[in-house]
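# Overview (structure and organization)
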Amino acid sequence: MNRKTRDILMQILDDMDSFAAMKDLKYPPLYLLGGSGCIIAGYLDRATTDMDLLDMDYTAGIGRLFRILEKYDLLDLYLTTIPEDFKKRAVKIEGYHNIYVLSREDIILSKVGRYSEKDIEDISIMMADSDKNLLREMIAAVLNRENISPRIKNVFIQNLSLFRERYDV
C-alpha cells in the first residue's frame, strides 16, 4: 500500500481531531467516501489528498474543522447513489472521535453513479473483496429511493446495466 498517501490523509484527520479536542468542539459524525475514504480504509492504493464527505446538514460551526481539511467536497445525499441506511455499514476509523468511512459496497455504488474510467478502475479493484449479494440488496434500495435526483437516478440506472454486465452482479 502507498503508505505515504495514507499517512498524509491520516495526519490531516489527526490535525482536525486534535483541533476539535483542543477547542472542545463536539462534532457530528463525518462520513468519508471517494478516493480518500478508500485509501484510509485500505480499499484502494492510489494518491489523493482530496477529502469527499457526505453532507449531513452540518452547522456552520463545523466549517472551522473543514478548513483544516483544505481540499474537501461535501456530497449531497440527494445527488449520491447510495442507500439511505449507509450508516449501519460505515466503518469507524480507529483512533478518531467521530470519523467513519463508508463500506466498500456503498462506495462502489457511489462510483456506479458516475462510472468514469477512474471509477471503473477503482470498482474493479474493490469488487474482489465485495459482497455481491449485499450489492444486489443495496442496488434495490437505491432504485427504491425517493429522495434522489431523478436525473442522477436515471444515469445510475443506465450505468447499472454496464456495471451488472461487467461484474456479474
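Let me begin by describing the structure that accompanies this report. (Residues numbered from 1 in each chain as written. Predicted model: local features only at pLDDT ≥ 70, side-chain atom pairs only at ≥ 80, totals over all residues. Heavy atoms only, no water.)

## Thoughts on the packing of aromatic side chains
Short version of the rule: Put simply, two rings from Phe, Tyr or Trp (the six-membered ring, in Trp's case) pair if the centres are within 6.5 Å, and we call them stacked under 30 degrees between planes, edge-to-face over 60, tilted for the rest. A helix here means a DSSP run of H or I that spans at least four residues, while a strand means a run of E at least two residues long, and both kinds are numbered starting from the N terminus. Burial classes: relative accessible area under 20% of the type maximum marks a residue as buried, over 50% as exposed, and values in between as partly exposed (1.4 Å probe, protein chains only).
What the rule picks out here adds up to five aromatic pairs. Their ring planes at 90° and their centres at 5.2 Å tell us that Y31 and F86 sit as a pair that is edge-to-face. Of this pair, Y31 sits in strand β1 (residues 30-33) while F86 sits in the loop between β3 (72-76) and β4 (91-92), placing them 55 residues apart in sequence. Just as Y31 is buried, F86 falls in that class too. With 5.1 Å between their ring centres and 45° between their planes, F66 and Y72 make a pair best called tilted. On the basis of relative accessible area, F66 is assigned to the buried category, the value being 3%. Residue Y72 is classed as partly exposed on the basis of its relative accessible area of 31%.

## A look at the sheet that holds strand β2 (residues 51-55)
Put simply, the rule is: Two strands are said to pair when DSSP picks up at least two bridges between them. Here, two residues are considered to be in contact whenever any of their heavy atoms come within 4.5 Å of each other. Lines fitted to C-alpha atoms define the axes here, with helix axes fitted over just the stretch in contact, and angles between the N-to-C directions of these axes take values from 0 to 180 degrees.
The mixed open sheet is built from five strands, whose spatial order is β3-β2-β1-β5-β4. The open sheet is flanked by β3 and β4, the only strands paired with a single partner. Taken together, the three bridges between β1 and strand β5 (residues 99-101) define a ladder with parallel strand orientation. When the bridges of β5 are listed, Y31 appears paired with Y100. Of the strands in this sheet, β1, β2 and β5 are in contact with helix α1 (residues 3-22), which crosses β2 at around 50°. Against the sheet, helix α2 (residues 34-41) contacts β1, β2 and β5, and its axis sits at roughly 95° relative to β1.

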